[in-house]
Amino acid sequence: AQTVTQSQPEMSVQEAETVTLSCTYDTSESDYYLFWYKQPPSRQMILVIRQEAYKQQNATENRFSVNFQKAAKSFSLKISDSQLGDAAMYFCAYSSGANSKLTFGKGITLSVRP
Amino acid sequence: DVKVTQSSRYLVKRTGEKVFLECVQDMDHENMFWYRQDPGLGLRLIYFSYDVKMKEKGDIPEGYSVSREKKERFSLILESASTNQTSMYLCATRLGQTEAFFGQGTRLTVV
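Residues numbered from 1 in each chain as written. Chains lettered and ligands numbered in written order. Predicted model: local features only at pLDDT ≥ 70, side-chain atom pairs only at ≥ 80, totals over all residues. Heavy atoms only, no water.

## Quick notes on the interface of chain B and chain A
Then, in step 1: If you look at the interface, chain B gives 27 residues, while chain A gives 22 residues.
Then, in step 2: Roughly 1900 Å² of surface becomes buried between chain B and chain A when both sides are summed, with 48% attributable to carbon and sulfur atoms.
Then, in step 3: Applying the counting criterion to the chain B and chain A interface returns zero salt bridges.
Then, in step 4: Joining chain B to chain A, the criterion identifies 16 residue pairs in polar contact (both at pLDDT 80 or more).
Then, in step 5: Where the side of chain B that touches chain A is concerned, the elements lending two or more residues are strand 4 (31-38), strand 5 (42-51), strand 9 (87-94), strand 10 (100-102) and strand 11 (106-110) of chain B.
Then, in step 6: Across the side of chain B that touches chain A, the residue classes tally to eleven nonpolar, eleven polar and five charged. (Contact = heavy atoms within 4.5 Å. Buried area = accessible area lost by both parts, 1.4 Å probe. Salt bridge = Lys/Arg side-chain N within 4 Å of Asp/Glu carboxyl O. Polar contact = N/O pair within 3.5 Å; in protein donor to acceptor, adjacent residues only side chain to side chain. Helix = DSSP H or I, 4+ residues; strand = E, 2+ residues; numbered from the N terminus. Nonpolar A, V, L, I, M, F, W, Y, C, P; charged D, E, K, R; others polar.)

Here you go:
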């Protein structure tokens, strides 16, 4: 079974600084997708970024980028120029190419210091 | 915009009651999911459905059942609510391998 591990329960970053959130996963499949989701205090989960395993290029969305290391099964999220609105829980998620089931990590709480 | 609507934001039920959590989506997605979210445990999959009347157990199905009679609606049923089912419940929908869309969650308290 696939597993997703987020080993850091909490992190803190100074406003305008850069922070990296770690995620590792375990799979024997070659076709899969990886995601980072954000859950602010409002509880509404929203997609931050998506990476297809077959793509070597790391995904980027404005201030958010990933470092996808397929051999190491690592998928970290980098947030540049952190803003107060980035404070939230962040979840890493895995989806096999064979079905649509999403497996989530335990999440990390990010706080942003003004 | 995709809309995923969960019937209640907060719910308080008594032990032993039968509880229905409803989820409705408006985007014709074939896949629908029910997750449970607990502090320190992340999101754990209870059940998912990939088509009408089709369902598959997730990682923690014990004590729950589901119903999907129409494509847009996916119901989670707690046959006999217990205090250890106090949690946040999240519904999600997904089209193939695209992003999943989530409802706002139902915080269920069983007393």
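## Thoughts on the sheet that holds strand 8 (residues 73-78) of chain B
Residues and elements named next belong to chain B.
Then, in step 1: The four strands lie next to each other as 1-3-8-7, forming an open sheet whose pairing is antiparallel. In this open sheet, the two edge strands, each paired with only one partner strand, are strand 1 (4-6) and strand 7 (64-70). Averaged over all adjacent pairs, the angle separating strand axes in this sheet is 20°, with direction ignored.
Then, in step 2: With three bridges connecting them, strand 1 and strand 3 (residues 19-25) associate as antiparallel partners. Directly across from glutamine 6, in strand 3, lies its bridge partner cysteine 23. (Pairing = 2+ DSSP bridges. Axes fitted to C-alpha atoms, helices over the stretch in contact; angles between N-to-C directions.)

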